[in-house]
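One-letter residues, chain by chain:
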Amino acid sequence: MKLLSASIVALLLSVNASAALLTPEGAGEKVEKVSLSTGATAHVEGEAIKLTSVGAGLRAKKVVFVNVKVYVGQLFVASPESFKKSDAEALGSLKEQKAVAVQMHFVRDVDAENVQKSFKEALKVNKIDTEDSSVKQFLDSVSKGGEAKEGKALTVVGAHLKDGSEAILYETTGGNVSEIKGSTGLIEKIFSIWLGKPSDDGVAQLKKSFLK
């Protein structure tokens, strides 16, 4: 019974950890009244990886002819010198990053269904198979993660692991973390949401802000 209990606890910790994925470092710019950092430390499988902010901007979405402010997004990479700030090369250059992160500071409440819908639309625009096992796990984590709360942040971290596989970690605005492991290319698939072909004008503007 003790062994079973320990196994259950270990499983819960691995799938739904509560430690913050990113620890912000340094005072950066302010966008839409959101105070950003110049860098952060990502916590991946017991390793602390230093990240540098390479861009930030507002993600808005047109709703009935009105642009609604959704979140302030910030992009972090482990090796800024290897990150290509061009429309065509940015996504592919993530191969050179030990870790990369997007943090979304929400300026309004958005329910889990609409967060997932937005991500799914972006993946489909980039011809990513949303039924792929790892991609589906990511979308399921978003769905189960609950509402994105105003004044809180959603975080997505991509990391190249020592065994050659890749991991996506998703932290809800409530602080719960899910880890999805996959093969080479998983990071590019998920980060195509922000750095691939934009799914709408709001994402296009955010990508432009990341790359300027």
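Refer to the preceding data block for the structure.
Note that the coordinates shown come from a computational prediction; the quantities given were computed from them, not determined experimentally. (Residues numbered from 1 in each chain as written. Predicted model: local features only at pLDDT ≥ 70, side-chain atom pairs only at ≥ 80, totals over all residues. Heavy atoms only, no water.)

This next bit is on empty space enclosed by the protein. Under the criterion given, the structure shown has one cavity of 30 Å³ or more. Considered as a void within the structure, the largest cavity measures approximately 50 Å³ in volume. Around the largest cavity, the lining residues are Arg59, Tyr71, Ser118, Phe119, Ala122, Ile193, Trp194, Ser199 and Val203. For the lining of the largest cavity, the secondary structure elements donating two or more residues are α2 (112–125) and α4 (186–195). The element that contributes the greatest number of residues to the lining of the largest cavity is α2, accounting for three residues. Along the lines of polarity and charge, the residues of the lining of the largest cavity split into six nonpolar, two polar and one charged. (1 Å grid on protein atoms, 1.4 Å probe; cavity = no way out; pocket = protein on both sides within 12 Å on 5 of 7 lines; lining within 4 Å. Points joined across faces, edges and corners; volume = space filled by probe spheres on them. Helix = DSSP H or I, 4+ residues; strand = E, 2+ residues; numbered from the N terminus. Nonpolar A, V, L, I, M, F, W, Y, C, P; charged D, E, K, R; others polar.)

Interaxial distance between α4 and helix α5 (residues 201–211) falls to 9 Å at its minimum, and their mutual angle equals 100 degrees. The orientation of α4 relative to α5 falls into the category roughly perpendicular. Contacts between α4 and α5 involve Ile193, Trp194 and Leu195 from the former and Val203, Leu206, Lys207, Phe210 and Leu211 from the latter. Among the residues forming the contact of α4 with α5, the class breakdown is seven nonpolar, no polar and one charged. (Axes fitted to C-alpha atoms, helices over the stretch in contact; angles between N-to-C directions. Parallel < 35°, antiparallel > 145°, perpendicular 65-115°, else oblique. Contact = heavy atoms within 4.5 Å.)

This part takes up the packing of aromatic side chains. Taken as a whole and judged by the stated rule, the model has five aromatic pairs. Within the aromatic cluster, the residues linked to one another by ring pairs are Phe119, Phe138, Tyr170, Phe191 and Trp194. (Phe/Tyr/Trp six-rings, centres within 6.5 Å; stacked < 30°, edge-to-face > 60°.)

We now examine the pattern of salt bridges. Counted according to the given criterion, the structure contains twelve salt bridges. We note a salt bridge from Lys61 to Asp200, for which the minimum N-O separation is 3.3 Å. Taken together, the residues Lys61 in strand β3 (residues 47–63) and Asp200 in the loop between α4 and α5 connect sequence positions 139 residues apart. With a closest N to O distance of 3.7 Å, Lys189 and Asp132 form a salt bridge. Placement of the pair is Lys189 in helix α4 and Asp132 in the loop between α2 and α3 (133–144), with a sequence separation of 57 residues. (Salt bridge = Lys/Arg side-chain N within 4 Å of Asp/Glu carboxyl O.)

Most of α4 is tucked away, with eight of its ten residues classed as buried. Listed in full, the buried residues belonging to α4 are Leu186, Ile187, Ile190, Phe191, Ser192, Ile193, Trp194 and Leu195. (Buried < 20%, exposed > 50% of the residue type's maximum accessible area, 1.4 Å probe, protein only.)

This next bit is on the nonpolar core. One finds Phe119, Phe138, Ile190, Phe191 and Trp194 to be the most contacted residues of the largest nonpolar core, which totals 39 residues. Of all elements in the fold, only β4 (66–77), β5 (99–106), α2, α3, β6 (153–160), β7 (166–171), α4 and α5 reach the threshold of two or more residues within this core. Per element, the largest residue contribution to this core is seven residues, and it comes from α4. Setting aside its immediate chain neighbours within four residues, Trp194 contacts Tyr71, Val102, Met104, Phe119, Val156, Leu206, Lys207 and Phe210. (Core = buried A, V, L, I, M, F, W, Y, C linked by side-chain atoms within 4.5 Å.)

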